Amino acid sequence: MPRLSARLKDLHGSPVRAMLEASLRPEVISFAGGLPAPETLEDIELPPPPRALLQYGPTEGEPALRARIAEELAAIGLDCPAERVMVLSGSQQGIDLVAKLCVDAGTPVGVESPAYLAALQVFRFFGAELRPMAPGGWGPGPAPALAYVTPTFQNPTGRCWSLEAREALARACAAQDAVLFEDDPYRELVYDPSERRPAASFMRGGSRVYQGSFSKVLAPGLRLGFLAASEDLYTPLYRLKQAADLHTSRVGQWAALHYLNDPGRPERLRRLVQHYRVRRDRFAEALERRLRGLAQWDVPPGGLFFWVRLGAGVDADALLAQAAERQVLFTPGRHFLADPAGAPPAIRLNFSNAGEAEAERGLGILGELLAAATPAAHAA
Ligand SMILES: Cc1ncc(COP(=O)(O)O)c(C=O)c1O
């Protein structure tokens, strides 16, 4: 037997990644991942890059792209010089780098409950002790070393924090030396007026990392994200990035810069948001038709997901097994919980990827299965 790292005992595969291959089969209706609608990828222009970009490049990213990202961040209230902006190979890489930066075995990490499952997976891998916290902070107990939050259109709930909660978390992190790690990949997918100012923009002093992604508004296959860090964290993050991959693909960075500089970008974004707003509304109507009385949900003001709470006693994993037999996929809610034991059953449904007719059909199947699985439904 080869001797492998002791860390591997906390390495678990992502259930969503495991379903990806199946979810791409045309006969499968997938509510499982966070995939953009395929038709939104069709009008993306990919200009051929200058040949010089085929050479190795700087670890932090292309200077022109970093400068443009810094401008975008200033426009949303986050002052960060371009020298502290780093281009990432997807914002998932930011989670990995920040975990390497902050987490040892037993390090307390504050996370929302529920929270993005692939972040929980990374923090667990580095041995974090995950501590569920509410929007706004961790309450009267001791501060975590790191607070990981998605205050805007969260994955999986779609929830958006109030201004007060954003300010409170920034204050608490600065006062108690917790690193504020704000993950913001959905902020542009806004369907109803919502508070979207980054929590990190309220931080005076203290240590923070804010990150965004090009995956949800441009193309996830480019694997492009970025982070902006406080001065104390930037250099170690830079060194960790160096060790991880030297730098992000320069060809992808070229595409992202082209996208940011395209005069047609605001109009493209407006069309994208409108497309998803309609899709969200149709999905909400289909949920009403198919799952009413069997589950509860809030209509998300932005992002790509509905968080659907099931009746007590429903087994979401058994439901998935039955749904998968009928070519319908979703993600059971327990994967998003730091402490799933005894949590009420829930599932996450993505509404961006399936077309309207497919969504109606898929939710019809879920409705049938849920009606059979929900104890209260039998009693009614
Ligand atoms: C909250 C959150 N953070 C990070 C990511 C990773 O995105 P990417 O690596 O494609 O930028 C996702 C993807 O769904 C996400 O939902």
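Residues numbered from 1 in each chain as written. Predicted model: local features only at pLDDT ≥ 70, side-chain atom pairs only at ≥ 80, totals over all residues. Heavy atoms only, no water.

**Q** Please clarify how the overall build of the protein chain should be interpreted in this entry.
**A** Along its length, the protein chain carries eleven helices and 13 strands. For a compact globule of 380 residues, the expected C-alpha radius of gyration is about 21 Å, and the protein chain comes in at 21 Å, within 12% of that figure. C-alpha extents for the protein chain along the principal axes are approximately 60 × 55 × 50 Å. Taken over 380 residues, the protein chain has a buried fraction of 53%. A separation threshold of at least 6 residues defines the contact pool for the protein chain, and within that pool the share at least 24 residues apart is 74%. Approximately 16800 Å² of the protein chain is accessible, and the part contributed by carbon and sulfur atoms is 54%. In the protein chain, 41 positive and 43 negative side-chain charges are present, and the distance between their average locations comes to 1 Å. (Helix = DSSP H or I, 4+ residues; strand = E, 2+ residues; numbered from the N terminus. Rg over C-alpha atoms; globule rule 2.2 N^0.38 Å. Buried < 20%, exposed > 50% of the residue type's maximum accessible area, 1.4 Å probe, protein only. Contact = heavy atoms within 4.5 Å. Areas by Shrake-Rupley, 256 points an atom, 1.4 Å probe, with all protein chains shown as cover. Lys, Arg positive; Asp, Glu negative; His and termini not counted. Charge placed at Lys NZ, Arg CZ, Asp CG, Glu CD.)

**Q** What is the right way to look at the site of the ligand in this model?
**A** For the ligand, the set of nearby residues contains 13 residues, the closest of which are Ser-91, Asp-183, Tyr-186, Ser-213 and Ser-215. The contact in question runs from an oxygen atom of the ligand to an N or O atom on the side chain of Ser-91, over 2.7 Å. Measuring from an oxygen atom of the ligand, one finds a backbone N or O atom of Gln-92 at 2.9 Å. Protein chains bury 93% of the 390 Å² of accessible surface belonging to the ligand in isolation. Using a 2 Å cut-off from the grid points, one finds that the ligand occupies the largest pocket. For the shell around the ligand, a count of residues per class yields four nonpolar, six polar and three charged. (Near = heavy atom within 4 Å. Polar contact = N/O pair within 3.5 Å; in protein donor to acceptor, adjacent residues only side chain to side chain. 1 Å grid on protein atoms, 1.4 Å probe; cavity = no way out; pocket = protein on both sides within 12 Å on 5 of 7 lines; lining within 4 Å. Sits in = over half its atoms within 2 Å of the grid points. Nonpolar A, V, L, I, M, F, W, Y, C, P; charged D, E, K, R; others polar.)

**Q** How should I be thinking about the sheet that holds strand S4 (residues 129-133) in this particular structure?
**A** One key point about sheets: their strands pair by backbone hydrogen bonds, in either a parallel or an antiparallel sense. Strand order in the open sheet formed by seven strands is S2-S8-S7-S6-S5-S3-S4, with mixed pairing between adjacent strands. Looking along the sheet, the strands with just one partner apiece sit at the ends: strand S2 (85-88) and S4. Taking the axes of each pair of neighbouring strands and ignoring which way they run, one obtains an average angle of 20° across the sheet. Pairing geometry for strand S3 (residues 108-112) and S4, over five bridges, is parallel. Across the sheet, residue Glu-112 finds its bridge partner in S4, namely Met-133. Along the sheet face, helix H6 (residues 231-245) touches S2, strand S6 (179-183), strand S7 (208-213) and strand S8 (225-229) and points at about 30° away from the line of S2. (Pairing = 2+ DSSP bridges. Axes fitted to C-alpha atoms, helices over the stretch in contact; angles between N-to-C directions.)

**Q** Whenever I open this one, the domain arrangement of the protein chain confuses me. Can you help?
**A** A common way to report how large an interface is uses the accessible area buried once the components associate. Split by domain assignment, the protein chain resolves into domain 1 (6-41 + 266-379) and domain 2 (55-261). Here the C-alpha centre of domain 2 lies 25 Å away from the C-alpha centre of domain 1. The interface of domain 1 with domain 2 comprises 34 residues on the first partner and 33 residues on the second. Roughly 2800 Å² is buried in total at the junction of domain 1 and domain 2, and carbon and sulfur atoms are behind 63% of that figure. Of all residues in domain 1, Pro-301, Phe-336 and Ala-338 give up the largest surface area on contact with domain 2, accounting jointly for 21% of the area buried on that side. Scanning the region where domain 1 abuts domain 2 turns up one salt bridge. Between Asp-192 and Arg-280 there is a salt bridge; the shortest N-O distance is 2.7 Å. (Domains from an automatic or database assignment. Buried area = accessible area lost by both parts, 1.4 Å probe. Salt bridge = Lys/Arg side-chain N within 4 Å of Asp/Glu carboxyl O.)

**Q** Honestly, a nonpolar patch on the surface in this entry has me stumped. Any pointers?
**A** Taken together, the side chains of Leu-4, Leu-8 and Leu-11 present a nonpolar region at the surface, about 290 Å² in accessible area. Its location among the elements puts Leu-11 in the segment before helix H1 (15-23). Taking the relative accessible area as the measure of exposure, Leu-11 reaches 47% and is therefore partly exposed. (Patch = residues over 30% accessible without salt bridge, like charges linked within 9 Å, V, L, I, M, F, W, Y side chains within 5 Å.)

**Q** Would you take a moment to explain the sheet that holds strand S13 (residues 346-350) for this structure?
**A** The strand order across the open sheet formed by four strands is S9-S10-S13-S12, and the pairing between neighbours is antiparallel. The sheet terminates laterally at strand S9 (295-297) and strand S12 (331-332), the two strands that pair on one side only. Note that strand S10 (residues 305-310) and S13 share five bridges and pair antiparallel. Counterpart to Val-308 in the pairing with S13 is Ile-347. Sitting on the sheet, helix H8 (residues 265-291) touches S9, S10 and S13, and the angle it makes with S10 is about 15°.

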